[in-house]
Amino acid sequence: MNFLLEARWSPYVVGIAIGVLSWLSFLISRKPIACSTSFARTSGMIERIFRGEKVEAKAYYREIGISIDWQWMLVIGIIIGAAVSALISGDFHWQWVPHLWAAAFGTDAVTRVIVALLGGILLGFGARWAGGCTSGHGISGTLQLALSSWIAAISFFAGGIVTAHLIFQVLAGGGKP
Amino acid sequence: MNSEGNNTFRSPGPGTQKILGLVFGILFGFLLHKGGATKYDVILGQLLLRDHTVIKIMLSAVVTGMLGIYLMRSLGWVRLYPKSGSLGKSLFGGLVFGVGFAVLGYCPGTISGAIGNGYLDALAGGLIGILIGTGLFAALYPGMKKAVLKKGDFGDVTLPELLKINPWFIVIPLAIAITGFLFWLEKQGW
């Protein structure tokens, strides 16, 4: 079982295993693996703490429902599963600033957190706008050959590739890898 | 014979489903970490086209998942759950997501894994941002629905339905094409 302690596996082994996991989630839970709706539900739950039951009457929350469901538990599971894998392979560490970011923009944690916050706002808004994320559209939707998911997944990467190059080639002043 | 929704497997009830969701999540998170997908450097490496780990994981998951799920569908074991979309939704929403993806360096699934990996920019910055972004969308939803979400609506159509052909005429060639592309990537040393 030593392979469980390795920090990295071949991307193909990981991809094939995720594919098999998707078979099981269709068969046993009758649901595709997806994540982003759970963030919208959590946002609604937090808003409900401050503003009360009337939050549930918002059109969007009426559509998705703000309760803890299969997918919400899946997202909690991802945190646990990644932590277990990181801990047993000696790869768990607290880190504020990723290396690639630090090499281009310095090691200031505040700058990185503010940029991550802004990126998160766009990502969260875009995920609900597109009706899914890299898992729901990018993997589960494309493997079902849904037209919406192929358009969304291609758009995710088109927007991401252009923006990443703007950030690291233009803003960072043509920083080399 | 109805090839959809004729699930011979009895699906467990809602309480058990929540536990199953947690188990599926633990396995998914474990795999995302093993693949390196919980790391900003790996995700940005992909978007900068320097490191193709993310696309290798995604495409091998898509080929495996597609073959198994279309086979089980042909056997009447599972049905599909395609999301409905429109150009206003999938294209423009997708592009906004992509910009956020590059700025944040994680997506909703991998950020959960990143938090499990100990990355604090994901927890203190990205997670809060996503919650604000989704809350903002909920607030603007009625207006968005009218203005863009229905523009160029095509519903929950799948590619075989769109082309009106047997799904296997897409599944098999696509599986071969993606596998060929991955072999080509490896041959380039990428």
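**As for the overall build of chain A**
Scanning chain A from terminus to terminus reveals eight helices and zero strands. Traced from its N-terminal end to its C-terminal end, chain A shows the element sequence α-α-α-α-α-α-α-α. Expressed along its principal axes, the backbone C-alpha trace of chain A runs to roughly 50 × 45 × 35 Å. Residue burial in chain A is summarised as follows: out of 177 residues, 53% are buried.

**Quick notes on the overall build of chain B**
Along its length, chain B carries eight helices and two strands. In chain B, the order of α-helices and β-strands from amino to carboxyl end is α-α-α-β-α-α-α-β-α-α. Across its three principal axes, chain B shows a C-alpha extent of roughly 50 × 50 × 40 Å. Across chain B, contacts joining residues at least 24 apart in sequence account for 65% of those joining residues at least 6 apart.

**Some words on helix 2 (residues 36-51) of chain A**
Across its 16 residues, helix 2 of chain A extends 23 Å between first and last C-alpha, which sits within 8% of the 22 Å expected from 1.5 Å per residue. For helix 2 of chain A, the full list of buried residues reads Ser36, Thr37, Ser38, Phe39, Ala40, Arg41, Ser43, Gly44 and Glu47 of chain A. The elements touched by buried residues of helix 2 of chain A are helix 3 (59-64), helix 4 (70-88), helix 6 (109-130) and helix 7 (136-143) of chain A together with helix 5 (108-116) and helix 6 (120-149) of chain B. Trailing helix 2 of chain A by a residue or two, Gly52 of chain A shows a phi angle of about 80°, which is positive.

**Description of unusual backbone geometry**
All names here are of chain A. We note that Arg30 has phi near 55°; this positive angle belongs to a residue other than glycine. By the secondary structure assignment, Arg30 is in the loop between helix 1 (11-29) and helix 2. On the basis of neighbour count, Arg30 is assigned to the partly exposed category, with 17 C-beta atoms found within 10 Å.

**Describing the packing of helix 7 of chain A against helix 3 (residues 53-74) of chain B**
It is the contact of helix 7 of chain A with helix 3 of chain B, at a shortest axis distance of 8 Å, that shows an interaxial angle of 35°. Pair helix 7 of chain A / helix 3 of chain B crosses with right-handed handedness. Together, Gly138, Ile139, Thr142 and Leu143 of chain A of helix 7 of chain A and Met58, Ala61, Val62, Gly65, Met66 and Ile69 of chain B of helix 3 of chain B make up the contact between the two elements.

**Quick look at the packing of helix 5 of chain B against helix 6 of chain B**
When two helices pack together, their arrangement is given by the angle between the helix axes and the distance between those axes. Residues and elements named next belong to chain B. At a minimum axis separation of 10 Å, helix 5 and helix 6 run at an interaxial angle of 150°. One finds that helix 5 runs roughly antiparallel with respect to helix 6. Both helix 5 and helix 6 take part in a crossing whose hand is left-handed. Residue-level contacts link Pro108, Ile111, Ala114 and Ile115 of helix 5 to Ala122, Leu123, Gly126, Leu127 and Ile130 of helix 6. Looking at side-chain class alone, the contact of helix 5 with helix 6 contains eight nonpolar, one polar and no charged residues.

**Digging into the interface of chain A and chain B**
On the side of chain B, 106 residues touch chain A, which itself brings 112 residues to the contact. For the side of chain A that touches chain B, the elements supplying multiple residues, two or more each, are helix 1, helix 2, helix 3, helix 4, helix 5 (99-105), helix 6, helix 7 and helix 8 (147-171) of chain A. When residues in the side of chain A that touches chain B are grouped by element, the largest group, 19 residues, is from helix 6 of chain A. The residue makeup of the side of chain A that touches chain B, split by class, is 70 nonpolar, 36 polar and six charged.

**With respect to the environment of Thr134 of chain B**
Here Thr134 of chain B shows up in helix 6. Residues contacting Thr134 of chain B, with those up to four places away along its chain left out, are Phe39, Ala40, Ser43, Gly124 and Arg128 of chain A.

**Re the environment of Ser135 of chain A**
Locating Ser135 of chain A in the fold gives a position in the loop between helix 6 and helix 7. In this structure Ser135 of chain A comes out as buried when scored by C-beta crowding, with 28 C-beta atoms within 10 Å. Sequence spacing of Ser135 of chain A and Leu123 of chain A is twelve residues, and the spatial spacing of their C-alpha atoms is 13 Å. Residues in contact with Ser135 of chain A, not counting those within four places in the same chain, are Ile33, Ala34, Cys35 and Ser140 of chain A together with Gly109 of chain B.

**Comments concerning the environment of Phe92 of chain A**
By secondary structure assignment, the location of Phe92 of chain A is in the loop between helix 4 and helix 5. Taking the C-alpha atoms as reference points, Phe92 of chain A and Arg128 of chain A, separated by 36 residues in sequence, lie 31 Å from one another.

**Describing the confidence of the model for chain B**
Residues and elements named next belong to chain B. In the predicted model, chain B carries a mean pLDDT of 95, and the fraction of residues at 70 or more is 95%. Below pLDDT 50 for its whole length, residues 1-6 participates in seven contacts with residues either more than four positions away or in separate chains. As scored by the predictor, the complex reaches a pTM of 0.95 and an ipTM of 0.96.

**Quick look at helix 1 (residues 14-35) of chain B**
Compared with an ideal rise of 1.5 Å per residue, which puts 22 residues at 32 Å, helix 1 of chain B spans 31 Å between its outermost C-alpha atoms and is within 8% of the ideal. Downstream of helix 1 of chain B by a residue or two, Gly36 of chain B has a phi angle that is positive, lying close to 90°.

Cut-offs and rules
Residues numbered from 1 in each chain as written. Chains lettered and ligands numbered in written order. Predicted model: local features only at pLDDT ≥ 70, side-chain atom pairs only at ≥ 80, totals over all residues. Helix = DSSP H or I, 4+ residues; strand = E, 2+ residues; numbered from the N terminus. Buried ≥ 20, exposed ≤ 12 C-beta atoms within 10 Å, placed from the backbone. Contact = placed C-beta atoms within 7 Å. Expected span 1.5 Å × (residues − 1). Axes fitted to C-alpha atoms, helices over the stretch in contact; angles between N-to-C directions. Left-handed = near helix turned anticlockwise from the far one by under 90°. Parallel < 35°, antiparallel > 145°, perpendicular 65-115°, else oblique. Nonpolar A, V, L, I, M, F, W, Y, C, P; charged D, E, K, R; others polar. pLDDT = per-residue confidence, 0-100.

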